[in-house]
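A structural walkthrough
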2 protein chains.
Amino acid sequence: MRPYKHPDPSSFALERIFHALSDPARLEIVRHLAGVEQAACGELEFGRPKSSMSHHFRILREAGLVQTHAAGTTHLNTLRKKELDARFPGLLGAILKQPR
Amino acid sequence: MRPYKHPDPSSFALERIFHALSDPARLEIVRHLAGVEQAACGELEFGRPKSSMSHHFRILREAGLVQTHAAGTTHLNTLRKKELDARFPGLLGAILKQPR
DNA sequence: TCGATAGTTCGACTAATATCGAATTAATGG
DNA sequence: CCATTAATTCGATATTAGTCGAACTATCGA
């Protein structure tokens, strides 16, 4: 469990972001995080095993969508809203504005 | 080569759109179409074989991103800008505004 | 220090996806 | 009708991705 690596906004890649968002579980995570400021990994596993979720969080982190930091035994995730809006204005809004 | 099926905007799925855009070749197609009004399939194959391109066009069509209609022996593709903007305001703009 | 809790990592398995040559369909022009 | 051009479809293969149990690591509290 060494520290996570979070990409710098300058190295965000649109393809990678789109790939991250193409999975229903991950899109669900992003939508949830958008309304919540921060959330522990455990809050977001909807019946799915932890190992699967851990995988999805990694994809989201490596794409630059989510930032994770450890706080005790729980790990808190946040949407990298500001950086994403700066680099891809409108993108996040388009996703979240969307009905479902 | 029976007529293509193009999904109705009401059945556009964000996951499907993101998946379509997660491939470099397809993202390139979309970016190109954004500035061109319409283009034949052949114009967009950058060294890639036709069969690969045909595959990518199908994915783009089925996601609702691209509309194709036959005109003689060539098939013309257009970005479904209006429908996409109506259903996911800001999404297309965010993609195309992007530097690279 | 032990046990519980939160996540990660590993490995195996399965399912999707991409690639691309070859065969096929369709329209056009001569 | 035949040759050409444009693109799709088919199949085989290779790569990538998702799923999930089991083992592991780290932190906290009693």
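Attention in this report is confined to the structure presented alongside it. All figures in this text were calculated on a predicted structure; none of them were measured in a lab.

1. Here's the deal with the interface of chain B and chain A
In this complex, chain B contributes 20 residues to the contact, which on the side of chain A involves 19 residues. With both sides pooled, the region where chain B packs onto chain A buries about 1600 Å², and carbon together with sulfur makes up 72% of that total. Remark: the boundary between chain B and chain A carries zero salt bridges. Our count for the contact surface shared by chain B and chain A stands at zero residue pairs in polar contact (both at pLDDT 80 or more). Elements that contribute at least two residues to the side of chain B that touches chain A include exactly helix 1 (14-21), helix 2 (24-34) and helix 5 (91-97) of chain B.

2. Brief notes about the sheet that holds strand 2 (residues 66-71) of chain A
All names here are of chain A. Taken together, three strands build an open sheet; the order of strands is 1-3-2 and the sheet is antiparallel. A strand with exactly one partner marks an edge of an open sheet, and here the two such strands are strand 1 (39-40) and strand 2. As paired strands, strand 2 and strand 3 (residues 74-79) are joined by six bridges and run antiparallel to one another. Residue pairing in the sheet places Thr68 in a bridge with Asn77 of strand 3. Against the sheet, helix 2 (residues 24-34) touches strand 1, strand 2 and strand 3, its axis set at about 85° to strand 3.

3. A look at the relation of the copies chain B and chain A
Note on the copies: chain B fits chain A at an RMSD of 0.0 Å, the axial shift is 0.0 Å, and the rotation between them is 180°. Here the copies are linked by what is in effect a two-fold axis. A symmetric contact is evident, with 95% of the interface residues of chain B recurring at the interface of chain A.

4. Description of the layout of surface pockets
Residues and elements named next belong to chain A. Of the volumes computed, that of the largest pocket is approximately 270 Å³. Elements with a minimum of two residues in the lining of the largest pocket: helix 3 (50-63) and strand 3. Considering every element that reaches the lining of the largest pocket, the biggest residue donor is helix 3, with five residues. Among the residues forming the lining of the largest pocket, the class breakdown is five nonpolar, five polar and three charged.

Cut-offs and rules
- Residues numbered from 1 in each chain as written.
- Chains lettered and ligands numbered in written order.
- Predicted model: local features only at pLDDT ≥ 70, side-chain atom pairs only at ≥ 80, totals over all residues.
- Heavy atoms only, no water.
- Contact = heavy atoms within 4.5 Å.
- Buried area = accessible area lost by both parts, 1.4 Å probe.
- Salt bridge = Lys/Arg side-chain N within 4 Å of Asp/Glu carboxyl O.
- Polar contact = N/O pair within 3.5 Å; in protein donor to acceptor, adjacent residues only side chain to side chain.
- Helix = DSSP H or I, 4+ residues; strand = E, 2+ residues; numbered from the N terminus.
- Pairing = 2+ DSSP bridges.
- Axes fitted to C-alpha atoms, helices over the stretch in contact; angles between N-to-C directions.
- Least-squares fit on C-alpha atoms with pLDDT ≥ 70 in both.
- 1 Å grid on protein atoms, 1.4 Å probe; cavity = no way out; pocket = protein on both sides within 12 Å on 5 of 7 lines; lining within 4 Å.
- Points joined across faces, edges and corners; volume = space filled by probe spheres on them.
- Nonpolar A, V, L, I, M, F, W, Y, C, P; charged D, E, K, R; others polar.

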